Amino acid sequence: MLKKDRVARPIFNITPFTLLDYPGHTACILWFAGCNMRCLYCYNPQIVTGKGKLYLEQALDFIYSRRTLLDGVVLSGGECTLHSDLIPLTKIIKTFGLKIKIDTNGALPSRINELLEEKLIDYVALDFKSLPKNFQHITGSNLFEQFETTLLLLMGSNVEFEVRTTVHSELIDREEVKRMVSYLEKIGYKGVYYIQQFRNDAETIGKMGSSSTLQDLRSLSTPNIEVVDR
Ligand code: SF4
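Before going into details, it helps to say that this report is about the structure given with it. (Residues numbered from 1 in each chain as written. Predicted model: local features only at pLDDT ≥ 70, side-chain atom pairs only at ≥ 80, totals over all residues. Heavy atoms only, no water.)

A separate point is the sheet that holds strand 8 (residues 225-229). Taken in spatial order, the 8 strands of this open sheet run 1-2-3-4-5-6-7-8, and their pairing is mixed. Each end of this open sheet is capped by a strand with a single partner; those strands are strand 1 (11-18) and strand 8. Averaged over all adjacent pairs, the angle separating strand axes in this sheet is 20 degrees, with direction ignored. With 4 bridges joining them, strand 4 (residues 99-104) and strand 5 (residues 123-127) adopt parallel strand pairing. Paired with threonine 104 across the bridge in strand 5 is leucine 126. (Pairing = 2+ DSSP bridges. Helix = DSSP H or I, 4+ residues; strand = E, 2+ residues; numbered from the N terminus. Axes fitted to C-alpha atoms, helices over the stretch in contact; angles between N-to-C directions.)

Taken together, Cys35, Met37, Arg38, Cys39, Cys42, Val48, Gly78, Asn105 and Lys129 make up the full set of residues near the ligand. Grouping the amino acids of the shell around the ligand by side-chain chemistry returns 5 nonpolar, 2 polar and 2 charged. (Near = heavy atom within 4 Å. Nonpolar A, V, L, I, M, F, W, Y, C, P; charged D, E, K, R; others polar.)

Attention shifts here to the nonpolar core. Counting 65 residues, the largest nonpolar core has Leu30, Leu75, Phe128, Leu151 and Tyr193 as its most contacted members. Element by element, the count of residues in this core is highest for helix 7 (residues 174-187), at 6 residues. Residues within four places of leucine 151 in sequence aside, it is in contact with Leu126, Phe161, Val163, Tyr183, Leu184, Ile187 and Tyr189. In terms of nonpolar packing, the next biggest core, distinct from the first, is built from 9 residues, Tyr22, Ala27, Ala33 and Tyr123 among them. (Core = buried A, V, L, I, M, F, W, Y, C linked by side-chain atoms within 4.5 Å. Buried < 20%, exposed > 50% of the residue type's maximum accessible area, 1.4 Å probe, protein only. Contact = heavy atoms within 4.5 Å.)

Among all positions of helix 3 (residues 86-95), only Leu86, Ile87, Pro88, Leu89, Thr90 and Ile93 are buried. Structurally, helix 3 contributes buried residues whose contacts are with strand 2 (27-32), helix 2 (56-65), strand 3 (72-77), strand 4 and helix 4 (109-117). At the C-terminal side of helix 3, glycine 97 shows a positive phi close to 80 degrees.

Turning to the side chain of arginine 164, a few remarks are in order. With respect to the helices and strands, the residue arginine 164 is situated in strand 6 (residues 160-167). Classification of arginine 164 as buried rests on a relative accessible area of 13%. Setting aside its immediate chain neighbours within four residues, arginine 164 contacts Lys101, Asp103, Ala125, Leu126, Asp127, Phe128, Tyr193, Tyr194, Gln196 and Arg230.

Our next topic: helix 4. Pro109, Arg111, Ile112, Leu115 and Leu116 are the residues of helix 4 that are buried. Along the long axis of helix 4, the arc covered by the buried residues comes to 160 degrees, so they all point the same way. Among the exposed residues of helix 4, those pointing more than 90 degrees away from its buried face are Ser110 and Glu117. On its buried side, helix 4 packs onto helix 3, strand 4 and helix 6 (144-155). Lysine 119, located one to two residues past helix 4, shows a positive phi value of around 55 degrees. (Arc of directions from axis to C-beta.)

The next point concerns the packing of aromatic side chains. In this structure the tally under the stated criterion is 10 aromatic pairs. For the ring pair tyrosine 64 and phenylalanine 96, a centre distance of 5.1 Å and an interplane angle of 70 degrees mean the geometry is edge-to-face. Pair noted here: tyrosine 64 is in helix 2 and phenylalanine 96 is in the loop between helix 3 and strand 4, with a separation of 32 residues, a long-range link. We note arginine 199 situated over the ring of tyrosine 43; from NZ or CZ to the ring centre the distance is 4.1 Å. Between the NZ or CZ atom of arginine 230 and the centre of the ring of tyrosine 194, over which it lies, the distance is 3.8 Å. (Phe/Tyr/Trp six-rings, centres within 6.5 Å; stacked < 30°, edge-to-face > 60°. Lys NZ or Arg CZ within 6 Å of the ring centre and 35° of its normal.)

Burial analysis of strand 3 places 6 of its 6 residues in the buried class, which makes it a mostly covered element. Here strand 3 shows no split at all, with Gly72, Val74 and Ser76 on one side and Val73, Leu75 and Gly77 on the other all buried. Of the strand pairs in this sheet, strand 2 and strand 3 are connected by 6 bridges, and their pairing is parallel. Among the inter-strand pairings, leucine 30 is bridged to a residue of strand 3, identified as leucine 75.

It is worth stressing that arrangement in space is one thing and function is another; only the former is reported here.
Here it is in structure tokens:
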């Protein structure tokens, strides 16, 4: 059950329909306010630092009304796993017969573990922000170990997931991407590694210069890891 005494409005906004955010599925997106990181290149400063505007009940009413038009719901943000009502929320969404994807920075492995154990999520997009050396600088947090724990949890689960990195050339160059691929190899990850090149037109949390496009990232693929530039 959702907490009865809750007064907070955790949802910043709802995107009613997307074909792009949940691979192969039609979905809506719930944008959760707040985050435990402050990534310099973050595209969503208002969501990260602003207050939510919608109660969970309002979001659920919306999802219920669209349940026959959608395949799934994307829980994004901000960082959706920070919200204590995430577990009951996902349980209710599941009763609508919808799939659930979460976008996460991986900083709260205990919540991810709960979602996995209770079989409440169908797909996870996990941000691999950086290697430990630059993690604090890029994310304004010291949460690499938590990210790594989440990655290992997902690797040990049956839930489909992707690992992805946003690259701004001032922060991560091609050689660094190569080192990040090596890290993934070393930890035993097998699969696709998505690189998302920074979009220069976006408003960001940090003051960022223009990012140059990193070239020929696909050639950094290994027998176990396919590097995909998207
Ligand atoms: S990019 Fe960073 S600051 Fe922005 S929502 Fe994601 S984890 Fe939070």
